[in-house]
Amino acid sequence: MRVLQRSEHLLEVKDLKTYFHMEGGRTAKAVDGVSFHIDRGETLALVGESGSGKSITSLSVMRLIPQPPGDIVDGSIKLDGKELLTLSDREMRKVRGNDIGMIFQEPMTSLNPVFTIGNQIAETLIKHKKMTKKQAYAKAVELLRVVGFARAEEIIHEYPHQLSGGMRQRAMIAIAMSCDPKLLIADEPTTALDVTIQAQILDLMVEMKEKFDSSILLITHDLGVVAEVADRVMVMYGGQIVEEAKAEELFTNPKHPYTTGLMGSIPNIDGEVERLESIPGTVPPAHRFPEGCRFAPRCKHVMEQCTQSNPELSEVNRKHKVRCYLYEPAGGEGGHQNGTDERKTVRST
Amino acid sequence: MEQTKEKLLEVRNLKKYFPVKGGILQRTIGHVKAVDDVSIDIYKGETLGIVGESGSGKSTLGRTILRLLDPTDGNVIFEGNDISSIRQGKMRQYRQDMQMVFQDPFASLNPRMSVGEIIEEPMLVQRTMGRKERKEKVVDLLRKVGLPPEAREKYPHEFSGGQRQRIGIARALSMNPKFVIGDEPVSALDVSVQSQVLNLMEDLQDEFDLTYLFIAHDLSVVKHISDRVGVMYLGRMAEIGPKERIYNNPLHPYTKALLSSVPVPDVKRRREKIKLKGELPSPSNPPTGCTFHTRCPEAHARCKTERPELVHQGDGQYVACHLYTGGA
């Protein structure tokens, strides 16, 4: 057995740049200088709207970016101290499944329709854990029980189309957990599911994380889901991280105008607002980011310097980072009241 | 706000069954009861929200009301006229007053037609306006939904999802309807854009004096926009009433579970959830009695055999549950 040097962070991503080369010589900077880390046992949420680069970030970590047209042009991704970007395809295949488990949004497209559920779980175990077929099937039944199937012995002989959406996602989690991964990457795991089923799957993910002592990178657009499970949150916009904080800090004290705008846009089921806040315009495409701050054209607090240069992601305090001139010591004087204060909250009777 | 209690639309015992074919002769071997005996009233100027999980029949309800699907049984009465059994040709006359906004702005606009043509088409079909009048109306509608007049020369692919949904709304409004059904109109949109479209729909409601039937799975969105809310489960109405009652004082165990499952974007209020066992049963073979009894935390013997009717519980809140009709 190789003794692994336990580095401080489980996953450490530094200055990741994933570009897509498009027709006509244009370049889409889908992920543009993203740095973050995940600690052991931590659940980190990556939040953003479509086109923000959150899924490309997670696909880059797994090295599943189609090349060409995609290209990881710069950066470093270290899992447990081991650089992933320099691994050969063969070595990377070992990491995927073994060290990193994955769950995707649509379990119908990520499960193979022509193989039984048992077959798909056993395949991973035979490949990665060098088990015999018999051992692997026994383990598959055990895993299906763990993720909540009462009739696991029957399910291993069934095909994905025989299962409902929630059951497929459970099977997907069983596959992801089969090799005891250190990191579970979940890309919109509950977006296709109904709320009552979503609640079951979120609970299951947290339970699995504790049971297998792993960390989670959760990619989602749903701030409700984030508040439910995340320890720490990063908000992405235009291929960059614009805000990062502990979950509690972010939800009680959001700073970036994009984050506050996003929070104001969501109708609240507990309170009531007469009119929702909205962010004008749409997310810019990755090949046409504006000069300066990428949120500037939609920002209601835009200042002259915002259109000239892009602010750095800098600390406002020890637990909170923001990419905005309003909070830079040299920039906005005396800071700025965050937008949520402007919402008129009227309690319904 | 004082509600004018004038009924615009009455739905009476509406049923929509889809046949299930099977065997080598493709004979009908059963039915999917997508909408099973639903009765609702929709009052002038209000927004009635319909929530439910996938498979609850909420979209089929909307489509059957508009006669995009022919009802199996029951009546739809619009301004006193029964439109559930009239010929499609005659129905066209009522379609001026009843319009629909669809979920997927990428599938509901013809990619080969310019935006101007798309918005103008209903006016052409109804033959009520001259050419010049139609063109003016298109520009006017574009302005009302927040798009520049130049947009009429462009094609749907040149617009983002939110802008396309604005085009879909402009088309729905082109005949000056009284009643608009929105079938998940904001579900495909990002949150920042979703709120733009919700605000627009509210503004247009005031301006054109519209009545909405707003169908969605997102309980927070439905709460925001609706005056009254109906909760559907397996083709039936489980509970319906003013939104304050439904959200603050839900009675049906399904409504309670549904509300407690919604993730709230607030870490301090991670709430205790009512866990529902299992998933929605197949609508082709629904459970007997109360269709919710297989997942209900409070089910008792009577629920397995006897179907509960909607019973008034005060303040316009109706619930179909035996817990409120003298217990077991």
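About the thresholds
- Residues numbered from 1 in each chain as written.
- Chains lettered and ligands numbered in written order.
- Predicted model: local features only at pLDDT ≥ 70, side-chain atom pairs only at ≥ 80, totals over all residues.
- Contact = placed C-beta atoms within 7 Å.
- Helix = DSSP H or I, 4+ residues; strand = E, 2+ residues; numbered from the N terminus.
- Nonpolar A, V, L, I, M, F, W, Y, C, P; charged D, E, K, R; others polar.
- Buried ≥ 20, exposed ≤ 12 C-beta atoms within 10 Å, placed from the backbone.
- Pairing = 2+ DSSP bridges.
- Axes fitted to C-alpha atoms, helices over the stretch in contact; angles between N-to-C directions.
- Parallel < 35°, antiparallel > 145°, perpendicular 65-115°, else oblique.
- Left-handed = near helix turned anticlockwise from the far one by under 90°.
- Core = buried A, V, L, I, M, F, W, Y, C linked by C-beta atoms within 7 Å.
- Domains from an automatic or database assignment.

Draft legend 1. Quick look at the interface of chain A and chain B. At the junction of the two partners, chain A supplies 37 residues and chain B supplies 36 residues. If you list the elements that add at least two residues to the side of chain A that touches chain B, you get helix H8 (195–212), helix H9 (223–229), helix H10 (247–252) and helix H11 (257–265) of chain A. In the side of chain A that touches chain B, the residues fall into 15 nonpolar, 14 polar and eight charged.

Draft legend 2. Quick look at helix H3 (residues 115–126) of chain B. Residues and elements named next belong to chain B. Three or more residues of H3 are buried, namely Val-115, Ile-118, Ile-119, Glu-120 and Met-123. Looking at the buried residues of H3, the elements they touch are helix H4 (131–144) and helix H5 (161–173). Positive backbone phi, at 45°, marks Arg-127, one or two positions downstream of H3.

Draft legend 3. Structural view of the pairing of strand S9 (residues 232–237) of chain A. Residues and elements named next belong to chain A. Burial analysis of S9 places six of its six residues in the buried class, which makes it a mostly covered element. Two elements, strand S3 (residues 43–47) and S9, share four bridges in a ladder whose sense is parallel. Residue Ala-45 lies in a different strand from S9, and its bridge partner there is Val-233. Bridging between S9 and strand S10 (residues 240–246) involves six bridges; their strand directions are antiparallel. Bridging from a neighbouring strand, Val-235 pairs with Glu-243 of S10. Hairpin remark: S9 followed by S10, antiparallel, with two residues in the connecting loop; positive phi at Gly-238, about 55°.

Draft legend 4. Molecular detail of the environment of Thr305(B). Residue and element names in this part refer to chain B. You can see Thr-305 is positioned in helix H10 (residues 301–305). Looking at Thr-305, the number of C-beta atoms within 10 Å reads 10, which means it is exposed. Thr-305 sits 282 residues away from Gly-23 along the chain, and the two C-alpha atoms are 30 Å apart. When sequence neighbours within four positions are dropped, the list of residues in contact with Thr-305 reads Thr-288 and Gly-289.

Draft legend 5. Region of the structure containing the packing of H3(B) against H5(B). Residue and element names in this part refer to chain B. Where H3 meets H5, the axes come as close as 7 Å, and the angle between the chain directions of the two elements is 30°. In terms of their interaxial angle, H3 and H5 are classed as roughly parallel. For H3 against H5, the interelement crossing comes out right-handed. Here Val-115, Ile-118, Ile-119 and Pro-122 of H3 come into contact with H5, specifically with Ile-167, Ala-170 and Arg-171. Looking at the contact of H3 with H5 residue by residue, the classes come out as six nonpolar, no polar and one charged.

Draft legend 6. Molecular detail of the sheet that holds strand S1 (residues 7–22) of chain B. Residue and element names in this part refer to chain B. As summarised here, the arrangement of the four strands in space is S2-S1-S4-S5, forming an open sheet in which the pairing is antiparallel. The open sheet has two edge strands with one neighbour each: strand S2 (27–43) and strand S5 (81–82). Note that S1 and strand S4 (residues 73–78) share five bridges and pair antiparallel. Residue pairing for S4: Val-11 is matched across the bridge by Val-76. The strands touched by helix H1 (residues 58–65) within the sheet are S1, S2 and S4, with S2 carrying the most contacts at an inclination of about 75°.

Draft legend 7. Here's a closer look at the nonpolar core. Residues and elements named next belong to chain A. Within the largest apolar cluster, 182 residues are counted, with the highest numbers of intra-cluster contacts made by Ile-173 and Leu-218. Counting contributing residues per domain, this core is built from domain 1 (100–180) and domain 2 (254–342), each supplying no fewer than three. If we skip the residues at most four places from it in the chain, Leu-218 touches Thr-43, Leu-44, Ala-45, Leu-46, Ala-186, Val-229 and Ala-230.

Draft legend 8. Representation of the domain arrangement of chain A in the model. Split by domain assignment, chain A resolves into domain 1 (100–180) and domain 2 (254–342). Each of domain 1 of chain A and domain 2 of chain A has a C-alpha centre, and the two are 42 Å apart.

Draft legend 9. Focus on the pairing of strand S2 (residues 27–38) of chain A. All names here are of chain A. The pairing of strand S1 (residues 11–21) with S2 spans eight bridges and is antiparallel. Following the sheet pairing, Leu-16 is matched in S2 by Val-34. Where S1 hands over to S2, the hairpin turn is made up of five residues, of which Gly-24 adopts a positive phi near 80°.

Draft legend 10. Quick peek at the sheet that holds strand S6 (residues 100–103) of chain A. Residue and element names in this part refer to chain A. Read from one edge of the open sheet, eight strands run S6-S7-S8-S3-S9-S10-S12-S11, paired in mixed fashion. Lying at the two open borders of the sheet, with one neighbouring strand each, are S6 and strand S11 (314–317). Strand-to-strand twist of the sheet, defined as the mean angle between neighbouring strand axes without regard to direction, takes the value 20°.

Draft legend 11. How the structure looks around the environment of Leu11(A). Residue and element names in this part refer to chain A. You can see Leu-11 is positioned in strand S1. For Leu-11, a count of 25 C-beta atoms within 10 Å gives the class buried. The spacing of Leu-11 and Glu-328 is 317 residues in sequence and 28 Å in space, taken between C-alpha atoms.

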